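# Examining the three-dimensional arrangement
The residues making up each chain are set out below.
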Amino acid sequence: METLVRDWKMLAENVIKGYKVTEEEALSIVQAPDEEVLEILNAAYLIRKHHYGKKVKLNMIINTKSGLCPEDCGYCSQSIVSEAPIDKYAWLTKEKIVEGAQESIRRKAGTYCIVASGRRPTNREIDHVIDAVKEIRETTDLKICCCLGFLNEEHAGKLAEAGVHRYNHNLNTSQENYSKITSTHTYEDRVDTVEAVKEAGMSPCSGAIFGMGESEAEAVEIALSLRSLDADSIPCNFLNAIDGTPLEGTSELTPTKCLKLISMMRFVNPSKEIRLAGGREVNLRSMQPMALYAANSIFVGDYLTTAGQEPTADWGIIEDLGFEIEECAL
């Protein structure tokens, strides 16, 4: 296919002025020849710089409940169909969750993400999280994000009232590709939770996992759907195909493809937090620093069941780029 857009800088300048890229223009970014990736990144950086300067937001995850999930998501080592050898445990104590907040501070992460496996939290689990959140809010200046599964209006309201700033619930993949990834819930279920989060007054965080069999057009559809949902924060994960999961052995991405996907996400969602998330180390490899010319946020440390790189490595990347860590996390 002949690339639709040739002047990436002009497109970026138009986006900065308020222009919304079309589906065709977004697709042309993903389908551009690899030799144009530097021009695309430079254009994406113009947009990123306009909204965020040289600031980089840092986020840290704590896995407060591991495994034991009844969902059959094909990418996840915690799902009921996974045979991956992971640690499985019920809820961490309130004290452990609060201790994690101090680790977040040590890692210079302004947002602390409290994550738990499972379909949806019970009333008791919501109360457990709220107890920890209240103490963290009283003792730190951290911004708190929760990711606890599907939410109803009541639970969303309680979390918002307790001081949870943001709630994460990823779309993960396109509507068309969704049934190939999981059968125990639908794409619409995920959209409903994001809408409940917004209605409760929390900042919506929702993103994607690229490399799960989606077409290039479907990758663009994810970005456009997130624009339509008005997600404030967009984690961009790149499939880390864990042995023992249904997607074991899947390897569809190259570093340059990842850079084009991140750039496309920046063009489509110019003012939003675009975060390098799970799988960045194994998919971007030596090109990780380049991705921060489009993204303005990263997770530091380990993910849910896979290891990340040392926080000092991320600090080094930020410093070497001439960027700086942003103290205000949201």
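Computed from a predicted model, the values in this text were never measured in an experiment.

### Details of the pattern of salt bridges
Throughout the structure, instances matching the rule amount to 18 salt bridges. Of the charged contacts, one joins E103 and R107 as a salt bridge, the two residues approaching to 2.9 Å between their closest N and O atoms. Among the ionic pairs, E273 bridges to R275, the shortest N-O distance being 3.4 Å. Residues joined in a network through salt bridges with shared partners are E103, R106 and R107.

### A look at the UniProt feature "domain: Radical SAM core" (unreviewed entry) in the chain
Feature annotation in UniProt assigns "domain: Radical SAM core" (unreviewed entry) to the following positions: residues 51–280. As a span, residues 51–280 carries 39% helix and 18% strand, and end to end its C-alpha atoms are 23 Å apart.

### Side note on the nonpolar core
Of all hydrophobic cores here, the largest spans 85 residues; its most connected members are L159, F210, F267 and L292. Sorting elements by how many residues they give to this core places helix α10 (residues 255–268) first, with eight residues. Non-local contacts of L292, meaning those with residues more than four positions away in its chain, are made with R48, V56, L276, S297, I298, I317, I318, L321 and F323.

### Structural notes on the side chain of Q78
With respect to the helices and strands, the residue Q78 is situated in the loop between β1 (55–65) and α4 (94–106). Here Q78 falls in the buried class, since its relative accessible area comes to 6%. Setting aside anything within four residues of it in sequence, one finds Q78 in contact with N63, K65, S66, G67, L68, C69, I86, S117, L304 and T305.

### Describing the pairing of strand β3 (residues 143–147)
Of all the five residues making up β3, four are buried; the element is thus mostly covered by neighbouring parts of the structure. When strand β2 (residues 111–116) meets β3, the two strands line up parallel, connected through five bridges. Among the inter-strand pairings, C113 is bridged to a residue of β3, identified as C145. Taking the sense of rotation as the criterion, the β-α-β connection linking β2, helix α5 (residues 123–139) and β3 turns out right-handed. Where β3 and strand β4 (residues 166–168) come together, two bridges link them in parallel fashion.

### So, helix α8 (residues 187–200)
A rise of 1.5 Å per residue sets the reference length of α8, with its 14 residues, at 20 Å; its end C-alpha atoms lie 21 Å apart and thus fit the reference within 8%. Every buried residue belonging to α8 is among Y187, R190, T193, V194, A196 and V197, and all of these are buried. Downstream of α8 by one or two residues, G201 has phi in the positive range, about 95 degrees.

### Some points on the packing of α4 against α5
Running from N to C, α4 and α5 cross one another at 40 degrees; their axes reach a closest spacing of 9 Å. The orientation of α4 relative to α5 falls into the category oblique. Where α4 crosses over α5, the handedness of that crossing is right-handed. For the pair formed by α4 and α5, the contact residues are K94, I97, V98 and A101 on the first element and H128, D131, A132, E135 and I136 on the second. Residues of the contact of α4 with α5, tallied by class, amount to five nonpolar, one polar and three charged.

### Quick notes on the side chain of N170
Note that N170 resides in the loop between β4 and α7 (178–181). The class for N170 is buried, based on a relative accessible area of 13%. A distance of 2.8 Å separates the side chain of N170 from the backbone nitrogen of G207, its partner in a polar contact. Leave out the neighbours within four places in its chain, and N170 touches R190, S206, G207, P235 and N237.

### With respect to the packing of helix α2 (residues 23–30) against helix α9 (residues 216–229)
With their axes 9 Å apart at the nearest point, α2 and α9 run at an angle of 125 degrees to one another. Looking at the two axes, α2 sits oblique to α9. Our pair here, α2 against α9, has a crossing hand that is right-handed. Where α2 approaches α9, its residues E23, A26, L27 and V30 are matched on the opposing element by E216, A217, V220 and L224. Across the contact of α2 with α9, the residue classes tally to six nonpolar, no polar and two charged.

### Description of the UniProt feature "binding site: [4Fe-4S] cluster" (unreviewed entry) in the chain
UniProt records the feature "binding site: [4Fe-4S] cluster" (unreviewed entry) at C69, C73 and C76, using the numbering of this structure. You can see C73 is positioned in the loop between β1 and α4. With sequence-adjacent residues up to four places away left out, C73 is seen in contact with S79, I181, T182 and H185. Within the fold, C76 resides in the loop between β1 and α4. In this structure, C76 is in contact with S82 and T245, ignoring residues within four places of it in sequence.

Cut-offs used in this document
- Residues numbered from 1 in each chain as written.
- Predicted model: local features only at pLDDT ≥ 70, side-chain atom pairs only at ≥ 80, totals over all residues.
- Heavy atoms only, no water.
- Salt bridge = Lys/Arg side-chain N within 4 Å of Asp/Glu carboxyl O.
- UniProt positions renumbered as here; feature names shortened; annotations may be inferred.
- Helix = DSSP H or I, 4+ residues; strand = E, 2+ residues; numbered from the N terminus.
- Core = buried A, V, L, I, M, F, W, Y, C linked by side-chain atoms within 4.5 Å.
- Buried < 20%, exposed > 50% of the residue type's maximum accessible area, 1.4 Å probe, protein only.
- Contact = heavy atoms within 4.5 Å.
- Pairing = 2+ DSSP bridges.
- Right-handed = clockwise from strand over helix to strand, strands pointing away.
- Expected span 1.5 Å × (residues − 1).
- Axes fitted to C-alpha atoms, helices over the stretch in contact; angles between N-to-C directions.
- Parallel < 35°, antiparallel > 145°, perpendicular 65-115°, else oblique.
- Left-handed = near helix turned anticlockwise from the far one by under 90°.
- Nonpolar A, V, L, I, M, F, W, Y, C, P; charged D, E, K, R; others polar.
- Polar contact = N/O pair within 3.5 Å; in protein donor to acceptor, adjacent residues only side chain to side chain.

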